[in-house]
Amino acid sequence: MTRLFLGIDGGGTKTQAVIVDEHGRFHSTGLGGPSNYDDVGVPATQASVAQAVTAARQAAHLTDEPFTAVFLGMAGVVSATDRAIITQIARNLNLAAPEAIGVDHDCRIALAGGLSGRPGMVQIAGTGSSTFGINAAGASWRAGGWGQLISDEGSGYWLGVQALQAAVRAYDGRLPYTLLLDQVKEHLAITDMNDIMHRLYSDGIARSEIAALSPLVIATAQAGDHTACNLLQQGASLLADCVVAVANKLGFADGTSELALVGGMFKAGVVFERPFQEAIAAHLPHCQLIPAELPPVLGAAVLALQSSGITVNQTISQQLHQAAEQIA
């Protein structure tokens, strides 16, 4: 009888489930609603996970029998309490036997997918940012990722905040003129810069709307705007600081290592990639930067397989890469 494994990637906007077998062969995938329980609460998180798993089961024509193992990589999971809450959700949904349920933060599955289960590091830079690594001995460490109020350097949200600050400084005369001044006004739908305070503090502005400024900063930098270029260089440097911290903690600094890159910021082109590569090379000359090999949801499937003692060999890895193409 074929053993089936479930991987779940739970985030602030959607939840994705994937089913693979013991050979890494893809069976199906399913989507559900948001499942960061800090944002939506425990009942809604459970409902979103159930929705994604049900969709995946239906697509594969499966019953609701428990899987051989499940791994849930969930946004917002950082403490033992968080893990216990998500574990209870998996038990409530009878996803697998209690001893076959694995739970960790979304960085863990991003790394497992990014390097197809190999030890190393992952740099996430999307709306938020975080750096995570695991060495060959199984020790792990995370740097950054403390949320938008005190961290998330180099992320889309961070870049949007920096753009807002640069715009008001340029308006004041504290900075030379920058195209970001016009970009911010247009994005916020204001004609007078003095209206920005009402727009931000009275009307309110969502985290996603601030993060949506990041593509404008990137485009402005590509057009040669000095201030925008400096912001991207600063963000790249701050991300590199996190990578160096993880490398030092896990013993990667003195030898070769791999760093998987995940998130929209790494689609910005040379204006962001080059300063990031240079910052990494200055401190970790033997660190290899690579695009993520598998999406995070398949990273969760890798961890589910490994939890049952299955080694992700070349044959299984090839099947998982084919699965990534089907999911895409």
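Now for a description of the structure that goes with this document. (Residues numbered from 1 in each chain as written. Predicted model: local features only at pLDDT ≥ 70, side-chain atom pairs only at ≥ 80, totals over all residues. Heavy atoms only, no water.)

### What to know about the pattern of salt bridges
In the structure shown here, the tally under the stated rule is nine salt bridges. The network of salt bridges with shared partners includes Arg83, Asp104 and Arg108. (Salt bridge = Lys/Arg side-chain N within 4 Å of Asp/Glu carboxyl O.)

### Concerning the pairing of strand β3 (residues 26-32)
In terms of strand pairing, strand β2 (residues 15-21) meets β3 through six bridges, oriented antiparallel. Each residue of the ladder has a partner; that of Ile19, found in β3, is Ser28. In textbook terms, the turn of a hairpin is the stretch between consecutive antiparallel strands, and for β2 and β3 this stretch comprises four residues, one of which, Gly24, has a positive phi near 85 degrees. (Pairing = 2+ DSSP bridges. Helix = DSSP H or I, 4+ residues; strand = E, 2+ residues; numbered from the N terminus.)

### A look at the packing of aromatic side chains
Applying the stated criterion across every chain, the model contains three aromatic pairs. Each ring, one from Phe272 and one from Phe276, has its centre 6.4 Å from the other, and the planes form 5 degrees; the classification is stacked. Taken together, the residues span about one helical turn, with Phe272 and Phe276 both in helix α11 (residues 270-283) at a distance of four residues. Here Phe272 falls in the buried class, since its relative accessible area comes to 1%. Given the relative accessible area of 1%, Phe276 is considered buried. Grouping aromatic residues by their ring pairs yields a cluster made of Phe266, Phe272 and Phe276. Residue placement shows Arg207 over the ring face of Tyr157; its charged tip is 5.9 Å from the ring centre. The ring of Trp141 carries the charged tip of Lys249 above its face, separated from the ring centre by 4.4 Å. (Phe/Tyr/Trp six-rings, centres within 6.5 Å; stacked < 30°, edge-to-face > 60°. Buried < 20%, exposed > 50% of the residue type's maximum accessible area, 1.4 Å probe, protein only. Lys NZ or Arg CZ within 6 Å of the ring centre and 35° of its normal.)

### Quick notes on the environment of Asp106
With respect to the secondary-structure elements, Asp106 resides in helix α4 (residues 106-114). Between the alpha carbons of Asp106 and Phe132 there is a distance of 9.9 Å; along the sequence they are 26 residues apart. Setting aside anything within four residues of it in sequence, one finds Asp106 in contact with Gly73, Met74 and Ala75. (Contact = heavy atoms within 4.5 Å.)

### Considering the sheet that holds strand β10 (residues 287-291)
Judged by pairing direction, the sheet is mixed, and its five strands sit side by side in the order β8-β7-β6-β9-β10 without closing on themselves. Both outer strands of the open sheet, β8 (140-143) and β10, are each paired with one neighbouring strand and no more. Across the sheet, the mean angle separating the axes of adjacent strands is 20 degrees when strand polarity is ignored. For strand β6 (residues 120-125) and strand β9 (residues 257-262), the ladder comprises four bridges, and the chain directions are parallel. (Axes fitted to C-alpha atoms, helices over the stretch in contact; angles between N-to-C directions.)

### Quick word on the packing of helix α2 (residues 42-59) against helix α3 (residues 80-92)
It is the contact of α2 with α3, at a shortest axis distance of 10 Å, that shows an interaxial angle of 50 degrees. One element, α2, and the other, α3, form an angle in the oblique class. Considering only the axes of α2 and α3, their crossing is right-handed. Where α2 abuts α3, its residues Val42, Thr45 and Gln46 lie against Ile85, Ile86, Ile89 and Asn92. Its residues assigned to classes, the contact of α2 with α3 comprises four nonpolar, three polar and no charged. (Parallel < 35°, antiparallel > 145°, perpendicular 65-115°, else oblique. Left-handed = near helix turned anticlockwise from the far one by under 90°. Nonpolar A, V, L, I, M, F, W, Y, C, P; charged D, E, K, R; others polar.)

Purely spatial values, then, with no claim about function.
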